[in-house]
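# Secondary and tertiary structure notes
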Amino acid sequence: MRLHEFDLIAKDPTTSARSGMFQTAHGPVRTPVFMPVGTRASVKGVLPTQLHEIGAQVVLANTYHLFLRPGSDLIAQAGGLHTFMNWDRAILTDSGGFQIFSLADTLKLDDDGVTFRSIIDGAWHRWTPEDNMRVQEDLGADIIMQLDQCPPYPAEKDVVASAVRRSADWAKRCKDAHVRESQALFGIVQGGVFGDLRAQSVERLGEIGFPGYGIGGYSVGEPHELMLESLAPVCDQLPADKPRYLMGVGNPTTLVQAIGLGVDMFDCVLPTRTARMGTAFSSQGRMNLRNAQYARDFTPLDPACTCSTCTGYTRAYLRHLVNVKEMLGSILLSVHNLHFLIDLTTRARAAIEAGEYAAFAREWMSGPGAEDY
């Protein structure tokens, strides 16, 4: 396979689910894929060796946070993110646009770029699309994202329309400025929950042309059903020969539904964040390990799971760690939750390639744990 080529391996006969392979500079990525988030060049509490063991193919890092600290120039001097964080598989960097626009009271926006204040020391910084590309090239990830404007939910249609126009203009400028050939630059579809604006965004990005497409502007407060309703036509409109990346979504049930619509890539902080709160994903639904019912439960966390947490530790022990705030509890639950989502996408891929994804999705959605997610 050529670098940044997407090979469509199989398509489910009765849904839009598909399996594929995307070639990066650090090896092929099999899709559907869930990608753990390492915002500051670290998946919280999880060693790179553990990420290897649970089958992580891609790790995310965030341009905004790494730009502020330790600085993209320092990471470039270290040899790039792969060397800096000791990770030899693919890395994806978000542009940081979501983080900037989530701090709306500390930014100044115009068509040329965005000026924002640091959450660390309050200093003002200015990013144009060209600046953002230079920072991401310094970081050296395999897949990088355009600088875009992510409007909140709810937002008036004219506000979302302006964000679609500006994001498309910035996409063109990002592509023109990007020179590091080892990196795949993805465009990002915006448009909120407005179908016509999403279609406009897809059309503009398609005219520019990218090796893959992020689908942004979701998980910002919109109803789950409305997200899926507006997501379906976006997947239909995007090029069939390019990967589709639903940004910031990691709810297990949403993954199953979105894969059925044709999404290939996912990321989210949910599995590690909920782990630090003492909550585990499982085949029986969410489990709050603080609950007294687990105090003398010496069975595995999830008997259906094969991760090192489930094969090595009991619910009672994990509850003890959570309740006394031992960091090992967060680590073990993070490993399990990440394994749970990676395994879910692996099983989904196998079902697609067997032509049985519809049955796989029905079984998941009717299972005892689906209503908890």
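In this report, we go over the structure that sits alongside the text. In this convention, every chain numbers its residues from 1, walking through the sequence in written order. For this predicted model, a pLDDT threshold of at least 70 governs which residues receive local features, and a threshold of 80 or more governs which side-chain atom pairs are given and counted, while totals over whole chains, interfaces and linings are taken from all residues. Excluded from the side-chain calculations are hydrogens and water; all other atoms, namely the structure's heavy atoms, are used.

### Digging into the overall build of the protein chain
Basically, it comes down to this: To qualify as a helix, a DSSP run of H or I must reach at least 4 residues; to qualify as a strand, a run of E must reach at least 2; elements of each kind are numbered from the N terminus. Think of it in three bands: residues with accessible area under 20% of the maximum for their type are buried, residues over 50% are exposed, and the middle band is partly exposed, with areas taken using a 1.4 Å probe on protein chains only. Any two residues whose heavy atoms approach within 4.5 Å are treated as being in contact. Under the convention used here, a 1.4 Å probe and the Shrake-Rupley method define accessible areas, while residue burial counts only the protein chains that appear.
In terms of helices and strands, the protein chain carries 15 helices and 16 strands. Relative to its 373 residues, the protein chain shows a buried fraction of 55%. Across the protein chain, the fraction of contacts at a sequence separation of at least 24, relative to all contacts at a separation of at least 6, is 65%. Carbon and sulfur atoms make up 51% of the accessible area of the protein chain, which totals about 15300 Å².

### Focus on the nonpolar core
As a reminder of what qualifies: By nonpolar core we mean a set of buried residues, namely Ala, Val, Leu, Ile, Met, Phe, Trp, Tyr and Cys, connected to one another through side-chain atoms within 4.5 Å.
In terms of nonpolar packing, the biggest core is built from 74 residues, with Leu-51, Leu-81, Leu-231, Leu-246 and Tyr-357 touching the most fellow members. For this core, the element with the highest residue contribution is helix 14 (residues 327-353), accounting for nine residues. Discounting chain neighbours no more than four positions away, the residues touching Leu-246 are Ile-215, Tyr-218, Leu-231, Ala-258, Val-263, Met-265, Phe-266 and Asp-267. Ranked by size, the runner-up nonpolar core spans 18 residues in total, among them Val-29, Val-37, Phe-186 and Met-265.

### Some words on the sheet that holds strand 9 (residues 124-127)
Note the threshold: Strand pairing is assigned whenever DSSP detects at least two bridges linking the two strands. The axes are straight lines fitted to the C-alpha atoms, using for helices just the contacting stretch, and the angles between their N-to-C directions are given from 0 to 180°.
An order of 7-8-9 is seen for the three strands of this open sheet, with the pairing classed as antiparallel. Each edge of the open sheet carries a strand with a single partner, namely strand 7 (107-110) and strand 9. Taking the axes of each pair of neighbouring strands and ignoring which way they run, one obtains an average angle of 10 degrees across the sheet. Two strands pair when backbone bridges link them, and strand 8 (residues 113-117) and strand 9 are joined in this way by four bridges, in the antiparallel orientation. Across the sheet, Thr-115 pairs through a bridge with Arg-126, a residue of strand 9.

### Digging into the side chain of Asn-251
Among the structural elements, Asn-251 can be located in the loop between strand 13 (244-246) and helix 10 (252-261). What Asn-251 contacts, discounting residues up to four positions off in sequence, is Leu-270, Arg-286 and Tyr-373.

### Regarding the pairing of strand 6 (residues 90-94)
Burial analysis of strand 6 places five of its five residues in the buried class, the great majority of the element. Burial of strand 6 is two-sided: the residues Ala-90, Leu-92 and Asp-94 facing one way and the residues Ile-91 and Thr-93 facing the other way are all buried. Here strand 6 runs beside strand 10 (residues 143-145); their pairing, made up of two bridges, is parallel. Paired with Leu-92 across the two strands is Ile-143, which belongs to strand 10.

### A look at the packing of helix 10 against helix 15 (residues 357-365)
How two helices sit against one another is set out by the angle between their axes and by the gap between those axes. For the record, the criterion: If an angle is under 35 degrees, it is roughly parallel; if it is over 145, roughly antiparallel; if it lies from 65 to 115, roughly perpendicular; otherwise it is oblique. Take the far helix as the reference: if the near one is turned anticlockwise from it by less than a right angle, the crossing is left-handed, and if turned clockwise, right-handed.
The N-to-C vectors of helix 10 and helix 15 enclose an angle of 155 degrees; their axes lie 10 Å apart at closest approach. Between helix 10 and helix 15, the angle falls in the class roughly antiparallel. Regarding helix 10 and helix 15, the two cross each other, and that crossing is left-handed. When helix 10 is examined against helix 15, the residues Pro-252, Thr-253, Leu-255, Val-256, Gln-257, Ile-259 and Gly-260 are found in contact with a partner set consisting of Tyr-357, Ala-361, Trp-364 and Met-365.

### A look at the packing of aromatic side chains
Selection criterion: By convention, a stacked pair of Phe, Tyr or Trp rings (six-membered ring in the case of Trp) has centres within 6.5 Å and planes under 30 degrees apart, an edge-to-face pair has planes over 60 apart, and any other such pair is tilted.
Inspection of the entire model under this criterion finds 13 aromatic pairs. Residues Phe-22 and Phe-186 carry aromatic rings whose centres are separated by 5.8 Å and whose planes lie at 80 degrees to one another, so their mutual orientation is edge-to-face. Here Phe-22, found in strand 2 (residues 18-24), pairs with Phe-186, found in strand 11 (residues 184-189); they are 164 residues apart in sequence, far enough to count as distant. Grouping residues by exposure puts Phe-22 and Phe-186 together as buried. Measuring from ring centre to ring centre gives 5.7 Å for Tyr-64 and Phe-116, while their planes differ by 50 degrees; the resulting arrangement is tilted. Pair noted here: Tyr-64 is in helix 2 (residues 63-68) and Phe-116 is in strand 8, with a separation of 52 residues, a long-range link. Exposure class is identical for Tyr-64 and Phe-116. Each is buried. Taken together, Tyr-64, Phe-67, Phe-116 and Trp-127 form an aromatic cluster joined through their ring pairs.

### So, the pairing of strand 8
A regular strand places its side chains so that they alternate between the two faces of the sheet. With respect to burial, strand 8 is a largely interior element, four of its five residues being buried. In this structure, strand 7 lies alongside strand 8, joined through four bridges in antiparallel fashion. In the sheet register, Leu-109 faces strand 8, and the bridge partner there is Val-114. Here strand 7 folds back onto strand 8 in antiparallel fashion, the turn holding two residues.

### Some thoughts on the environment of Glu-222
Note the following rule: We define a polar contact as two N or O atoms separated by no more than 3.5 Å, with the added condition that, inside protein, one atom must be a possible hydrogen donor and the other a possible acceptor, whereas residues neighbouring each other in sequence contribute only through side-chain atom pairs.
Mapped onto the secondary structure, Glu-222 falls in the loop between strand 12 (213-215) and helix 9 (224-237). Its relative accessible area of 11% is what places Glu-222 among the buried residues. Separated by 30 residues in sequence, Glu-222 and Gly-192 place their C-alpha atoms 8.8 Å apart. The contacts of Glu-222, once residues within four sequence positions are left out, are Tyr-153, Val-193, Gly-217 and Met-227. For Glu-222, the side chain forms a polar contact with the main-chain nitrogen of Val-220, separated by 3.0 Å.

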